[in-house]
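# Chains, contacts and geometry: an overview
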Amino acid sequence: MGRKIMLDGLNAWQLIMSGDATLFAIVKLSLAVSLSAVVLAAVIGLPLGASLALMRFPGRSAIVVLVNAFMGLPPVVVGLAVYLLLSRSGPLGNLGILFTPTAMIVAQAILIVPIIAALTRQTIEDLWIEYRDELSAMDVGPLGRITTLLWDARFSLLTALLAGFGRAAAEVGAVMIVGGNMEGFTRTMTTAIALETSKGNLPLALGLGMILVVIVLAINAAAWGARVWSERQVG
Amino acid sequence: MRGPVTDLPIVFDRVLVRAGLTTILDRLTLTLSSGSPTLVIGPNGAGKSTLLRLCMGLAVPTEGRITWGGRADAKPTRRAFVFQRPVMLRRTVSANVAYGLTHAGYPRAKLAARTAELLERVGLSDLAMRPARRLSGGEQQRLALARALARDPELLLLDEPTASLDPAATRGVEEIVRDTAQSGIKIVMASHDLGQVRRLAGDVVFMVRGNVREQTPAEDFLKNPSTSEAAAFVRGDLVV
């Protein structure tokens, strides 16, 4: 048994080193989908989180609790909901994007908007305590407050985006349902790992698993480096 | 560039401020008019900061009322505030000043020129491109002054701006405050430093436990304080 695993590992390594075209197409699609989802979710989640941090209105607490709770949304549930929306008979069926990478981006973005919004709200709320008097004294309006705080919290917010990316890159349920795991079109690293494992093709599954972990590590390391460097520049 | 309306005098009419069960200002009545710098002095907890925050509009009275030039709802467009520990925005020195100008509605086309002017005025021209958070305490306080002056105020409120500075940095800040006063901007500054009163004050508002004990010209205050607390304060005794 142990010998078999070692052999599979060796084969996986050979597969990566040989620059297998199928494998790299899968890696490329996975990255494109998850990174696009992060960008889309950031565009929604950052202002949403900052608004929640600064605005006081009836029902705010309920929304804060809801957003926090949605950080733990099960990917398959999000996948199912998006599937129902985009399926032929669904309300957005005429878009015709079910089983395309676009649908996968939408599903992953929905999955991580709560993560980015919740972490942003906490960060901005903490920073606001420090900035409140100064910005009030400079007569900065509500919109100016949001943009100023988002910009000044940029290094901390990077962590929120990374948390979102990690979640998107790791999930399998949502992309499986709305993408369909079609070879060469909507197959990502996670759906491929699930498929290859069930087929017994452990070398490919292991190879993909290793690449996935390395990529997530590399992106986090790069982001960390960028943060340390720019913090040194800006103080 | 001055509009016809003015925020001065600021009149406090039996202003009471309470935080929970603590009374911070106790039915305080006071008039702050244009003229030479007013230094608000007194022991910690006397209510100096709260008085300044009320002047700015950063806090509201629990009871009583405040008027600015006779108006009860004056927006802080003609007033500026320098805090004891100013918040430096995470950007360059000159971007901090430009930020102040932008939010005071300064025309975008003249932003760069005016920023350079203000940095010159506080002696930070050489550090214009430095990250603001990398400045020393004294430099940060001078930047805060430039950012406050960017608002083109008629009234500049300063809350113990030199409390955590060394003598050299204190002198730098005081020189700017003096220049500012000479340019016709009314200064109201909290302090607990008698030396500062001698160096800067035109008149003194002496506060103890949430109320004004004396409001007199600085010279009179230093020579013959009329209350026992003020006399003790001037002697250097501990007043609580």
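First, a word on scope: everything that follows refers to the structure included in this document. The structure presented is a predicted model; accordingly, all values stated were derived computationally and were not measured.

## Section: the interface of chain A and chain B
It is common to give the size of an interface as the accessible area that goes away when the parts come together. With 14 residues of chain A at the contact, the number on the chain B side is 16 residues. At the level of secondary structure, the elements contributing two or more residues to the side of chain A that touches chain B comprise α5 (101-137), α6 (142-152) and α10 (202-234) of chain A. It is α5(A) that provides the largest number of residues to the side of chain A that touches chain B, a total of six residues. Of the residues in the side of chain A that touches chain B, the class split is five nonpolar, four polar and five charged.

## Considering the environment of A:Leu52
All names here are of chain A. With respect to the helices and strands, Leu52 occurs in helix α2 (residues 21-54). Once the C-alpha coordinates of Leu52 and Ile116 are considered, the two residues, 64 residues apart in sequence, prove to be 12 Å apart. For Leu52, the contacting residues outside a window of four places in its chain are Arg60, Ile63, Val64, Ala117 and Arg121.

## Regarding α2(A)
Taking 1.5 Å of rise per residue, 34 residues should cover 50 Å, and α2(A) covers 49 Å from first to last C-alpha, within 8% of that figure. By the largest-angle criterion, A:Ala42 marks the main kink of α2(A), which is about 35°.

## A short note on the pairing of strand β5 (residues 79-82) of chain B
Residues and elements named next belong to chain B. Taking every second residue as pointing to the same face, both faces of β5 are buried, with Arg79 and Phe81 on one and Ala80 and Val82 on the other. In this sheet, strand β6 (residues 155-159) lies alongside β5 in parallel orientation, the contact comprising four bridges. The residue bridging Arg79 from the neighbouring strand is Leu155, located in β6.

## Concerning the packing of α2(A) against α5(A)
Across the interface, α2(A) lies against α5(A) with an axial gap of 5 Å and an inter-helix angle of 35°. Crossing of α2(A) over α5(A) shows right-handed handedness.

## What about the environment of A:Leu84?
Residues and elements named next belong to chain A. Position of Leu84 among the secondary structure elements: in helix α4 (residues 75-86). For Leu84, a count of 15 C-beta atoms within 10 Å puts it in the partly exposed group. Separated by 133 residues in the primary sequence, Leu84 and Leu217 place their C-alpha atoms 34 Å from one another.

## Structural notes on the sheet that holds strand β2 (residues 22-32) of chain B
Residue and element names in this part refer to chain B. Strand order in the open sheet made by the three strands is β2-β1-β4, with antiparallel pairing throughout. The outermost strands of the open sheet, each flanked by one partner alone, are β2 and β4 (63-68). Within the sheet, the average angular offset between the axes of one strand and its neighbour, ignoring direction, is 20°. Pairing geometry for strand β1 (residues 10-19) and β2, over seven bridges, is antiparallel. Looking across to β2, one finds that Ala19 is bridged to Thr22.

Rules used throughout
- Residues numbered from 1 in each chain as written.
- Chains lettered and ligands numbered in written order.
- Predicted model: local features only at pLDDT ≥ 70, side-chain atom pairs only at ≥ 80, totals over all residues.
- Contact = placed C-beta atoms within 7 Å.
- Helix = DSSP H or I, 4+ residues; strand = E, 2+ residues; numbered from the N terminus.
- Nonpolar A, V, L, I, M, F, W, Y, C, P; charged D, E, K, R; others polar.
- Expected span 1.5 Å × (residues − 1).
- Bend = angle between axes of the 7 residues up to and from the residue.
- Buried ≥ 20, exposed ≤ 12 C-beta atoms within 10 Å, placed from the backbone.
- Pairing = 2+ DSSP bridges.
- Axes fitted to C-alpha atoms, helices over the stretch in contact; angles between N-to-C directions.
- Left-handed = near helix turned anticlockwise from the far one by under 90°.

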